[in-house]
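Here's the letter readout for the chains.
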Amino acid sequence: DAGVTQSPTHLIKTRGQQVTLRCSPKSGHDTVSWYQQALGQGPQFIFQYYEEEERQRGNFPDRFSGHQFPNYSSELNVNALLLGDSALYLCASSLVQGYGYTFGSGTRLTVV
Amino acid sequence: GESVGLHLPTLSVQEGDNSIINCAYSNSASDYFIWYKQESGKGPQFIIDIRSNMDKRQGQRVTVLLNKTVKHLSLQIAATQPGDSAVYFCAEKLGGSQGNLIFGKGTKLSVKP
């Protein structure tokens, strides 16, 4: 069963650098959402993509941007990295008219 | 601020006992609620969900109760096992099928053998 796949699993970047995280949704899903999970906290919604467009956005600065490709996979880009961007970044896929979300295992980003 | 929170940040139970994890939500417009289990180094794993037109739903060893009057959600785990040890999050969804999930901070469940 092809669930949600995220890459890379771990990443270390320096302040000021840029990073790209990738997500392949569960087979059959058409919507991708990204969440940021700081240590000891619940996931926080970043944005959601459907039909290659950003449909919803949480309270995150413009340094966070994304993209969805025709095959429904998605990328999360973060520019000008700050130490506070260190977190687990989770991708969740779903159907646009559905209620169920499937999460990937996340990418652990460390900014030094 | 977050509209979903948990009453107890940590819960320790004996193997075989029942566990109850509580959650308060603040948005009466939320129409869908989910409980997730998250093990170390993994993403949230779906446990059980409930829609706002229900007050109880049962799964295998788990039951979710929804009290809309006091905006309270609970997860009951029967015969808790060591494999149940994890952090549990409740999440609410706004805006029907288009809403994003809002998570609470989580409760860590520790099962003593």
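Refer to the structure above for everything that follows.
Our subject in this report is the structure included herewith. None of the values given here were measured: they were computed from a predicted structure.

**Quick word on the interface of chain B and chain A**
For an interface, size is often stated in terms of accessible area lost upon the parts coming together.
Now for step 1: Taken together, the 22 residues of chain B in the interface contact 22 residues of chain A.
Now for step 2: Taken over both partners, the interface formed by chain B and chain A buries close to 1800 Å², and the fraction arising from carbon and sulfur atoms is 48%.
Now for step 3: Linking chain B with chain A are 0 salt bridges.
Now for step 4: Between chain B and chain A we count 4 residue pairs in polar contact (both at pLDDT 80 or more) in total.
Now for step 5: Elements that contribute at least two residues to the side of chain B that touches chain A include exactly strand 4 (32-38), strand 9 (86-93) and strand 10 (101-103) of chain B.
Now for step 6: Looking at the side of chain B that touches chain A element by element, the count peaks at 4 residues for strand 4 of chain B.

**Section: the side chain of A:Ser94**
Now for step 1: Looking at the element boundaries, A:Ser94 is found in strand 9 (residues 87-94).
Now for step 2: In this view, A:Ser94 contacts A:His29, A:Asp30, A:Thr31, A:Gly100 and A:Tyr101; residues no more than four positions away in its chain are not counted.

**Topic: the sheet that holds strand 3 (residues 19-24) of chain A**
Residue and element names in this part refer to chain A.
Now for step 1: Read across the sheet, 4 strands follow the order 1-3-8-7 without closing on themselves; strand pairing throughout is antiparallel. Strands at the two margins of the open sheet, each flanked by one partner only, are strand 1 (5-7) and strand 7 (64-68). Recorded for the sheet is a direction-independent mean angle of 20° between the axes of neighbouring strands.

**Points about the environment of A:Phe64**
Residues and elements named next belong to chain A.
Now for step 1: By secondary structure assignment, the location of Phe-64 is in strand 7.
Now for step 2: Residue Phe-64 is classed as buried on the basis of its relative accessible area of 2%.
Now for step 3: Distance in space between the C-alpha atoms of Phe-64 and Leu-81 is 9.7 Å, their sequence separation being 17 residues.

**Points about the pattern of salt bridges**
Now for step 1: Under the defined criterion, the tally for this structure stands at 6 salt bridges over all chains.
Now for step 2: Across the pair A:Arg57 and A:Glu54 runs a salt bridge, and its minimum N-O distance is 3.1 Å.
Now for step 3: Assessed through its relative accessible area of 37%, A:Glu54 is described here as partly exposed.
Now for step 4: Between B:Glu39 and B:Lys42 there is a salt bridge whose closest N-O contact spans 3.7 Å.
Now for step 5: Residue B:Lys42 is classed as partly exposed on the basis of its relative accessible area of 45%.

Parameters and conventions
Residues numbered from 1 in each chain as written. Chains lettered and ligands numbered in written order. Predicted model: local features only at pLDDT ≥ 70, side-chain atom pairs only at ≥ 80, totals over all residues. Heavy atoms only, no water. Contact = heavy atoms within 4.5 Å. Buried area = accessible area lost by both parts, 1.4 Å probe. Salt bridge = Lys/Arg side-chain N within 4 Å of Asp/Glu carboxyl O. Polar contact = N/O pair within 3.5 Å; in protein donor to acceptor, adjacent residues only side chain to side chain. Helix = DSSP H or I, 4+ residues; strand = E, 2+ residues; numbered from the N terminus. Pairing = 2+ DSSP bridges. Axes fitted to C-alpha atoms, helices over the stretch in contact; angles between N-to-C directions. Buried < 20%, exposed > 50% of the residue type's maximum accessible area, 1.4 Å probe, protein only.

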